[in-house]
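Listed below, chain by chain, are the residues.
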Amino acid sequence: MSVDVLLGLQWGDEGKGKIVDVLTPGYDIIARFQGGPNAGHTLEFKGEKYVLRSVPSGIFQGGKINIIGNGVVLDPALFKAEVEALEVSGHDLSKHLYISRKAHLILPTHRLLDLACEAQKGSGKIGTTGKGIGPAYTDKTGRNGLRTGDLDYNFEVKYKEAAARHEILLQQMNCEYDLAALEKEWFEGIDFIRKFPLIDSEHFINNALQNGEKVLAEGAQGTLLDIDFGSYPFVTSSNTVCAGACTGLGISPSKVGKVYGIFKAYCTRVGSGPFPTELFDETGQKMRNLGCEYGSVTGRPRRCGWIDLVALRYAVMINGVTDLIMMKSDVLDSFETVKACVAYNINGVETEDFPFEINDSVKSVYAEFPGWQTGMTKMQSESEFPKEFNAYMSFLEKTLDVNIKIISVGPDREQTIIRYAE
Ligand code: IMP
Ligand code: MG
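Residue numbering note: each chain is counted from 1, following its sequence as written. The order in which chains are written sets their letters, starting at A; the order in which ligands are written sets their numbers, starting at 1. It should be noted that, the model being predicted, local features are given only for residues of pLDDT at least 70 and side-chain atom pairs only at 80 or more, the latter also being counted only at that level, while totals for whole chains, interfaces and linings use all residues. Note that water and hydrogens are dropped before the side-chain values are worked out from all heavy atoms of the structure.

## Here's the deal with the coordination of the magnesium ion (ligand 2)
Here a donor is any nitrogen, oxygen or sulfur atom (N, O, S) within 2.8 Å of the metal, with 3.2 Å used for Na, K and Ca; water is not among the atoms considered, so some sites may look incomplete. Protein coordination of the magnesium ion (ligand 2) is provided by Asp13 (OD) and Gly40 (O), with donor distances spanning 2.1 to 2.5 Å. Placement of the pair is Asp13 in the loop between strand E1 (3–8) and helix H1 (16–23) and Gly40 in the loop between strand E2 (29–32) and strand E3 (41–45), with a sequence separation of 27 residues. Partly exposed describes any residue whose relative accessible area lies between the buried limit of under 20% and the exposed limit of over 50%, with all areas from a 1.4 Å probe on protein chains only and scaled to the type maximum. On the basis of relative accessibility, which here comes to 12%, the residue Gly40 falls in the buried class. Counting from the N terminus, the helices are the DSSP runs of H or I reaching at least four residues and the strands are the DSSP runs of E reaching at least two.

## Digging into empty space enclosed by the protein
Only protein atoms enter the 1 Å grid, on which a cavity is a set of points fitting a 1.4 Å probe that cannot get out and a pocket is an open set with protein on both sides within 12 Å along at least 5 of 7 lines, lining residues being those with an atom within 4 Å of a point. Grid points are joined across faces, edges and corners, and a volume is the space filled by probe spheres set on the points. The tally for this structure, following the rule as stated, stands at one cavity of 30 Å³ or more. By volume, the largest cavity amounts to about 30 Å³. Lining the largest cavity are Leu9, Gln10, Trp11, Leu224, Cys267, Asp308, Ala311 and Leu312. Split into classes, the residues belonging to the lining of the largest cavity amount to six nonpolar, one polar and one charged. Residues are grouped as follows: nonpolar covers Ala, Val, Leu, Ile, Met, Phe, Trp, Tyr, Cys and Pro; charged covers Asp, Glu, Lys and Arg; every other residue, Gly included, is treated as polar.

## What about the packing of aromatic side chains?
Only Phe, Tyr and Trp rings are paired, with Trp represented by its six-membered ring, and only when their centres lie within 6.5 Å; those with planes under 30 degrees apart are stacked, over 60 edge-to-face, the remainder tilted. The tally for this structure, following the rule as stated, stands at 20 aromatic pairs. Centroid distance Phe79 to Phe196: 5.3 Å. Interplanar angle 70 degrees. Geometry classified as edge-to-face. Residue Phe79 is located in helix H2 (residues 76–88), and its partner Phe196 is located in the loop between helix H6 (179–193) and strand E9 (198–199); the two are separated by 117 residues in the primary sequence. For the residue pair Phe79 and Phe196, the accessibility class agrees, reading buried in each case. Pairing Trp306 with Phe335 gives two aromatic rings, centres 6.1 Å apart and planes at 80 degrees, and the pair type is edge-to-face. Linking Trp306 in the loop between strand E13 (303–305) and strand E14 (307–308) with Phe335 in the loop between strand E15 (323–327) and strand E16 (337–346), this pair joins segments that are 29 residues apart in sequence.

## A few points about helix H11 (residues 387–400)
Expected helix span is taken as 1.5 Å per residue step, with the number of steps being one fewer than the number of residues. Compared with the 20 Å implied by 1.5 Å per residue over 14 residues, the 20 Å span of H11 between its first and last C-alpha is a close match. For H11, the full list of buried residues reads Phe389, Tyr392, Met393, Leu396, Glu397, Thr399 and Leu400. A positive phi of about 60 degrees marks Asp401, the residue just after H11.

## Describing the nonpolar core
Buried Ala, Val, Leu, Ile, Met, Phe, Trp, Tyr and Cys residues form a nonpolar core when they are joined through side-chain atoms within 4.5 Å. Counting 57 residues, the largest nonpolar core has Leu9, Phe263, Leu324, Met326, Leu332 and Tyr392 as its most contacted members. Broken down by element, the residue count for this core peaks at five residues, all from H11. Two residues qualify as a contact provided that any one of their heavy atoms is within 4.5 Å of a heavy atom in the partner residue. Once residues lying within four places of it in the same chain are set aside, the contact partners of Phe263 are Leu9, Gln10, Glu14, Ile307, Leu312, Leu324, Ile325, Met326, Met327, Leu396 and Ile404. Core analysis: the next-biggest nonpolar cluster, separate from the first, contains 29 residues, Leu52, Ile68, Leu86 and Phe196 among them.

Just geometry here; none of it tells us what the structure is for.
Take a look at the structure:
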């Protein structure tokens, strides 16, 4: 059997959590392959709302195995808080959640370093989530990291060495901090992690595939935040693209089946960095209000703008997307006109290719569509779609050269319309 990959095509917050939950009944294993608690995957069903950060979004569909893969960075303290909150709401994860022994740990000093590096950058700051993501991945590639599998091997000594190394850096940056309180919480998290099966997830997943089981790899953040292909340096520190599922889970590219690329009918970004279609006017504010565009991890207002098909086509190419999923089209239900960026004008020259760098000289060229001005949140089949909406959707499919397989018309699990059912 193959591994299907679901990932974001924009700057994150496309609605991956909701769709993983919707697709989970068709899979045996759901696995996160990169990122960490910078993610905030929001799911709504039966009147309840959950925000998942490190836990895969397959835990609510009974009995499925959920795996935190080797490509993920895990903060034990935040993981404990997240799992305990789920337990309070009646979800016991202990039998369904496995953690890779090769997943790297986010140390308390990684969090402090993240904040200190951002402060040092001043107005050039990335606008990170402050969760220690960059420093943890830096230690991983610098071959200084601690993995969950290290818990059984001289762990305290390794921790002390790493923390001491970080403290030298923090002192060089003139940071003031209280490490003791953070460490207490962190070591409680370490004890908590020991309750979960720490597994060699690459063996586990490949054996499962051999036995005919189906795996869904759940991406976090989005393609435009990818460390290699995103709007560098305003990116996260992991490979959010499809290839990241191979390295982040230990599966061969030949095992990848479908690649679900998920995008919003408009576009958002949180944190700093270029965003060619950003709207600073009341239209952007309307998107923010109607789409509740505030960060689920940091609470920051998200920057909003029209859909960017130059960037999306690039994301489709990099990921080899086989099926598109369009989210939050209902947010545009009341708009008179809907726009889509079809090209960039860079110093008078138009291009449809995503450039090396996006700076102030990149101007968006738009196609305009009449809005559908029809409430779509209660629709249950595509036969109900207004013709203006169909025209918008067809244009996107044609431009991106991939079919839109799922349309989400509201936050609830039920507000999902699947086209081309298999
Ligand atoms: P970091 O991943 O915390 O280092 O943040 C780097 C950049 O990625 C910042 O612009 C963040 O706002 C952004 N980012 C990280 N995780 C997410 C996410 O899950 N959704 C949206 N943006 C994110
Ligand atoms: Mg999010």
